[in-house]
Amino acid sequence: MQALLAVLLLVGIGAGAGAYSGVFYVTGSQFYEACRQRQANEKIVGGFKEVEADNPSQAALWGSCTPMTGESMANAGFAIGSSSPQATEDAKALASACPDAYKELPVFPKFWYTVAVDAIENNGGPSLIDRVAPAGWLIERAMKVRWPHCTDVARPYIAKARKDQG
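Residues numbered from 1 in each chain as written. Predicted model: local features only at pLDDT ≥ 70, side-chain atom pairs only at ≥ 80, totals over all residues. Heavy atoms only, no water.

> Go over the overall build of the chain, please, and point to the residues and values.
A count of helices and strands for the chain gives eight helices and zero strands. Put simply, the chain runs from its N terminus to its C terminus through helices and strands in the order α-α-α-α-α-α-α-α. Taken over 166 residues, the chain has a buried fraction of 35%. Across the chain, every contact between residues at least 6 apart in sequence was considered, and the portion connecting residues at least 24 apart equals 65%. Total accessible area on the chain is roughly 10,100 Å²; 61% of this is exposed by carbon and sulfur atoms. (Helix = DSSP H or I, 4+ residues; strand = E, 2+ residues; numbered from the N terminus. Buried < 20%, exposed > 50% of the residue type's maximum accessible area, 1.4 Å probe, protein only. Contact = heavy atoms within 4.5 Å. Areas by Shrake-Rupley, 256 points an atom, 1.4 Å probe, with all protein chains shown as cover.)

Written out as structure tokens, the structure reads:
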């Protein structure tokens with residue numbers, strides 16, 4: 001019985017260390033640090049030249065900044081609105097409570113991750129749990145602080161869009 005407990009303890013310690021170092025998935029802290037560094041480098045070179053990572057691991061993390069942000073926002077029930085004069089009435093309604101593509105998001109979607117990085121920073125940065133928790137948790141939490149009513153406002157529009165597609 002003691003041997004079984006010792007094995008379980010070692011497995012638990014190994015799993016915890018693996019999660020802390022991001023072996024199983026990208027952690028919130030890894031997302032924030034990597035994407036913040038990408039954002040800083042993009043400001044240095046300007047938005048029209050592609051930044052180059054120092055190594056393949058960094059390139060993989062940088063390449064996941066925008067997809068992770070989009071996936072996390074979609075999983076949390078966020079929608080993108082627009083206050084553009086040419087926008088549909090639905091998009092204008094969403095813009096009142098959700099990210100506004102016309103005023104708040106970068107023109108090029110590949111830079112939308114910067115909104116998540118800024119929201120995380122404005123929310124005090126990653127917490128201790130974000131060293132082991134998946135990046136999506138940190139992104140969702142920061143976006144819900146930035147746009148607290150978006151998921152409630154977006155729900156009927158998302159349902160309508162799904163109904164129209166299927």
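> So what's going on with the nonpolar core? Which residues, and what values?
With 27 residues, the main nonpolar core has Phe31, Phe78, Ile139 and Met143 as its most contacted residues. Those elements that provide at least two residues to this core are helix H2 (28-45), helix H4 (65-76), helix H6 (113-122), helix H7 (135-146) and helix H8 (150-165). In terms of residue count, H6 provides more of this core than any other element does, six residues in total. If near-sequence neighbours (up to four positions away) are discounted, Ile139 is found in contact with Phe31, Met68, Thr69, Ser72 and Ala116. (Core = buried A, V, L, I, M, F, W, Y, C linked by side-chain atoms within 4.5 Å.)

> How would you sum up H7? Please name residues and give values.
With twelve residues, H7 should cover 16 Å at 1.5 Å per step; its first-to-last C-alpha distance of 17 Å lies within 8% of that length. Within the sequence span of H7, burial applies to Ala135, Gly136, Leu138, Ile139, Ala142 and Met143. On an axial view of H7, the arc spanned by its buried residues comes to 165 degrees, and they lie on one face. If you follow the buried residues of H7, they end up packed against H2, H4 and H6. (Expected span 1.5 Å × (residues − 1). Arc of directions from axis to C-beta.)

> Which residues make up the pattern of salt bridges, and what values go with them?
Under the criterion given, the structure shown has seven salt bridges. With its nearest N and O atoms 2.9 Å apart, the salt bridge here joins Arg38 to Glu42. With Arg38 and Glu42 both in helix H2 and four residues apart, this pair spans about one turn of that helix. Between Arg146 and Glu104 there is a salt bridge, with its nearest N and O atoms 2.5 Å apart. Of the two residues, Arg146 is situated in helix H7 and Glu104 in the loop between helix H5 (89-95) and H6; the sequence distance between them amounts to 42 residues. (Salt bridge = Lys/Arg side-chain N within 4 Å of Asp/Glu carboxyl O.)

> Help me get a handle on the state of the cysteines, residues and values and all.
According to the stated counting rule, one finds two disulfides in the structure shown. Linked covalently through their sulfurs, Cys35 and Cys65 form a disulfide whose S-S length is 2.0 Å. With the S-S dihedral at roughly -105 degrees, the linkage between Cys35 and Cys65 falls on the left-handed side. Note that Cys35 is positioned in helix H2 and Cys65 in helix H4, a separation of 30 residues in sequence. An identical accessibility class is assigned to Cys35 and Cys65; each is buried. (Disulfide = S-S within 2.5 Å.)

> Pulling in residues and values, what's your account of the packing of H2 against H6?
It is at 10 Å that the axes of H2 and H6 come closest, and there the two elements cross at 115 degrees. Seen along the crossing, H2 lies across H6 with a hand that is left-handed. For the pair formed by H2 and H6, the contact residues are Phe31, Tyr32, Cys35, Arg36, Arg38, Gln39 and Glu42 on the first element and Tyr113, Thr114, Ala116, Val117, Asp118, Ile120 and Glu121 on the second. Along the lines of polarity and charge, the residues of the contact of H2 with H6 split into seven nonpolar, two polar and five charged. (Axes fitted to C-alpha atoms, helices over the stretch in contact; angles between N-to-C directions. Left-handed = near helix turned anticlockwise from the far one by under 90°. Nonpolar A, V, L, I, M, F, W, Y, C, P; charged D, E, K, R; others polar.)

> Would you mind going over the packing of aromatic side chains in detail, with residue names and values included?
All told, the structure shown has one aromatic pair when counted by the stated rule. Judged by centre distance (6.5 Å) and plane angle (70 degrees), the ring pair of Phe108 and Phe111 falls under edge-to-face. (Phe/Tyr/Trp six-rings, centres within 6.5 Å; stacked < 30°, edge-to-face > 60°.)

> Describe in detail the environment of Ala95, supporting the description with residues and values.
Within the secondary structure layout, Ala95 lies in helix H5. For the pair Ala95 and Ser83, spaced twelve residues apart in sequence, the C-alpha to C-alpha distance is 5.8 Å. Beyond its immediate sequence surroundings of up to four residues, Ala95 is in contact with Gly81, Ser82, Ser83 and Asp100.

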